[in-house]
Amino acid sequence: EKQLLNHMADKEQRPLPGRSSHAGNLSQSEKKLQEAICVLLVELCERFTFFGIVCNMILFCTVKLGYRNYQAAIVNMCFVGTSMLTPVLVGWLAECLVGRIKVVCVCMFLHFLGTALLPVVAFPFEDIYIDRRHILHTLTKREQKIVFYFALLTASLGIGGIRAIVCPLSAYSLEDCGPKELLSFFNWFYWLINLNSAVVFVSISYIQQSVARNLGFLLPFVSMLMAMITIHMVRGEMIYKPKTDSSLLTTFGVIASALKTCCVRYRYFSGGVTSWLDHAKENYGGQYSETQVESTKSLARLFPLFAFQILYRTCIMQIPSGYYLQTMNSNLHFSGFVLPVAAMNVISIVPLLILVPILECINSCLFSSKDTGHSPTIYIVVGQLSAALSVMVAGFSEIHRKHFPQVEQTLSEEVLLVSSMPCFHLAPQYILLGVAEALVTPSCSLLSFRLVPERIRGISMHFLTLFNGAGCFMGAFFVQTAHAGTQGNWFPHLLHEGKLERFFFFLASLMMVNTLGFWTIAHRYNNLNQEYTNEFRGSLPEEKLLKHEKAIKHYASVLESSPILSPMEKT
């Protein structure tokens, strides 16, 4: 009734069509366009800083800080994973404790501090002389590591605030989009992100590695200034304020309440509920309304989808870890020019930039027919299979790389013994992972956003982010376990003396099992949208009230038309 009254009030308050309304609509559209452009610019600037930090972190850790290969890979994957998890934490702090504007200011300062401290670690103090006898004070290795980790932590916290508050997906007004429009949005959204990363990998990696390796860490600082200027241009109008219908605490509270009720009253709930989450409802002794529990149930259906993305994300994280080490230990000379190591990542981005227009055509063909109803799970299965093949090809490439004689190669003023195999022989594994990323990531985002009620779509995307971050930490755990369990043989410091290919084959076998496991449950998500519309919408209190009213009217009509009633029934 309140929704009906508000809707009628909105209709009464609408202005008559005329020049004023036309001008108002025009200014409103211009404002939305300006906000969308600003959000996109901030998104690109944030990605620019992120990829600028990640692209040559392994080379910096091994050459500058003296880390071993597995340690540098672990640091890189943990930073990426932390940058994925912090948006969820910062978003919760902004909604429940601190406030969005204050959190944005704090995160901007943290990001600025982190990107400013990175050049302090990288700067060659030993090259600056005050006079002939004294040089500028040099940071020790221990001090460099402390400042380095503190800079990475503050930068990741700043990245989380920007992604969660300034650039959430809900700021793009996707509520009224259908499956076709959503898939198209996610395809082009990740296309722009990868286009930006391609520019970063080529430019910053070359600056850091060849021209002025210490100047490269100043570029994230400059990019962060661009993001701050962009945010200041709109003076807070681009800070999106989402609806406060649901939160992560509510979702976790429903799960905890259901588990608690199941444990306490297990003997009394033999078959009275259809799902274990129903124990959290107020009707069954819980603390949450039926709408909140039904929303959590629709989200719980996606947990298997999220779980199968963990190992896939571990395979994707081989690009800045295992694949990077392979490229760094290959011949980077090409026609008298030394290629940057991180520039090989562009090979994995090119398939995505090419496939997105093709997938758009396929998307249009699939959704143009109303009878087919194809699910994006097909793309996910094919993409995960491509990721498994990529890691397997990486193992064979590692065996092939060892057959070439070793040569000396200079990287960041350090002479290294590397294989004489041209780095372009590693292109197939990069291409396969690029195909996988083009197929899997937009499809998973579509399913996570579309197959839940509108009020918890942000929560669903947060859970997808949490599981992707868990995949990064899973990759770091695999590297640490492989190095410790095999005494450095499966993830060696000198690749020509170890068996890195065994680590790739092990990961490829796990990914094949993961793909088969997801293929067995993929049918659950083919018609999940139809199940959601039938089950969840029918369980809303408003619609249940209408059903009860119809039942009462039907019962009254039966009483009136019944010719004979017993005395008990009449009373």
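Details of the structure are given in the entry above.
A few points on the structure. Fair warning: this is a prediction, and the values are worked out from it, not measured in the lab.

Cut-offs used in this document
- Residues numbered from 1 in each chain as written.
- Predicted model: local features only at pLDDT ≥ 70, side-chain atom pairs only at ≥ 80, totals over all residues.
- Heavy atoms only, no water.
- Helix = DSSP H or I, 4+ residues; strand = E, 2+ residues; numbered from the N terminus.
- Buried < 20%, exposed > 50% of the residue type's maximum accessible area, 1.4 Å probe, protein only.
- Contact = heavy atoms within 4.5 Å.
- Areas by Shrake-Rupley, 256 points an atom, 1.4 Å probe, with all protein chains shown as cover.
- Core = buried A, V, L, I, M, F, W, Y, C linked by side-chain atoms within 4.5 Å.
- Domains from an automatic or database assignment.
- Phe/Tyr/Trp six-rings, centres within 6.5 Å; stacked < 30°, edge-to-face > 60°.
- Patch = residues over 30% accessible without salt bridge, like charges linked within 9 Å, V, L, I, M, F, W, Y side chains within 5 Å.
- Salt bridge = Lys/Arg side-chain N within 4 Å of Asp/Glu carboxyl O.
- Expected span 1.5 Å × (residues − 1).
- Bend = angle between axes of the 7 residues up to and from the residue.
- Axes fitted to C-alpha atoms, helices over the stretch in contact; angles between N-to-C directions.
- Parallel < 35°, antiparallel > 145°, perpendicular 65-115°, else oblique.
- Left-handed = near helix turned anticlockwise from the far one by under 90°.
- Nonpolar A, V, L, I, M, F, W, Y, C, P; charged D, E, K, R; others polar.
- Polar contact = N/O pair within 3.5 Å; in protein donor to acceptor, adjacent residues only side chain to side chain.

## Re the overall build of the protein chain
Now for step 1: Within the protein chain, the secondary structure is distributed over 20 helices and four strands.
Now for step 2: Relative to its full complement of 571 residues, the protein chain shows a buried share of 49%.
Now for step 3: Taking as baseline every contact in the protein chain between residues at least 6 positions apart, the subset at least 24 positions apart corresponds to 79%.
Now for step 4: Summing over all exposed atoms, the protein chain offers an accessible surface of approximately 28700 Å²; the carbon and sulfur share of this is 63%.

## Thoughts on the nonpolar core
Now for step 1: Counting residues in each nonpolar core, the largest one holds 113 residues, and the members touching the most others are F148 and L305.
Now for step 2: Of all the elements, helix α7 (residues 179-211) adds the most residues to this core, at eleven residues.
Now for step 3: Mapping this core onto the domain boundaries places at least three of its residues in each of domain 1 (29-125 + 138-240) and domain 2 (299-553).
Now for step 4: Beyond its immediate stretch of four places on either side in the chain, F148 contacts M57, F60, C61, L65, V75, L118 and V121.

## A word on the packing of aromatic side chains
Now for step 1: Per the counting criterion, the structure on display carries 23 aromatic pairs.
Now for step 2: Here F186 and F449 contribute two aromatic rings whose centre-to-centre distance is 6.2 Å and whose plane-to-plane angle is 70°, an arrangement assigned as edge-to-face. Note that F186 is positioned in helix α7 and F449 in helix α15 (residues 427-450), a separation of 263 residues in sequence.
Now for step 3: Judged by relative accessible area, F186 falls into the buried class, the value being 0%.

## Describing a nonpolar patch on the surface
Now for step 1: Taken together, the side chains of L385, L389, M392, F396 and I399 present a nonpolar region at the surface, about 410 Å² in accessible area.
Now for step 2: L385 gets classed as partly exposed once you look at its relative accessible area, which sits at 36%.

## Digging into helix α4 (residues 69-96)
Now for step 1: Given a rise of 1.5 Å per residue, 28 residues ought to cover 40 Å, and the 41 Å separating the end C-alpha atoms of α4 matches this to within 8%.
Now for step 2: The axis of α4 is deflected most strongly, by about 30°, at L85, and proline P87 appears within four residues downstream.

## Description of the packing of helix α14 (residues 377-402) against α15
Now for step 1: Closest axis-to-axis distance for the α14/α15 pair is 7 Å, and the angle between their directions is 155°. For the element pair α14 / α15, the angle class is roughly antiparallel. In the crossing of α14 with α15, the sense of the turn from one axis to the other is left-handed.
Now for step 2: Residues that form the contact of α14 with α15 fall into these classes: 16 nonpolar, eight polar and no charged.

## As for the pattern of salt bridges
Now for step 1: Per the counting criterion, the structure on display carries five salt bridges.
Now for step 2: Across the pair K402 and E501 runs a salt bridge whose closest N-O atoms are separated by 3.0 Å. Here K402, found in helix α14, pairs with E501, found in helix α17 (residues 500-521); they are 99 residues apart in sequence, far enough to count as distant.
Now for step 3: For E501, a relative accessible area of 7% translates into the label buried.

## Some points on the side chain of Q318
Now for step 1: Note on placement: Q318 falls in the loop between α11 (303-316) and α12 (322-328).
Now for step 2: A distance of 3.3 Å separates a polar side-chain atom of Q318 from the backbone oxygen of T314.
Now for step 3: The contacts of Q318, once residues within four sequence positions are left out, are Y323, Y324, F503, F504 and L507.

## Quick word on the packing of helix α16 (residues 457-485) against α17
Now for step 1: Orientation of α16 relative to α17, taken along the N-to-C sense of each, is 135°, at an axis distance of 11 Å. As far as their axial angle goes, α17 and α16 are oblique. Once α16 is placed against α17, the crossing between them reads as right-handed. Of the residues in α17, those touching α16 at F478, V479 and A482 are F503, L507 and L510.
Now for step 2: In the contact of α16 with α17, the residues fall into six nonpolar, no polar and no charged.

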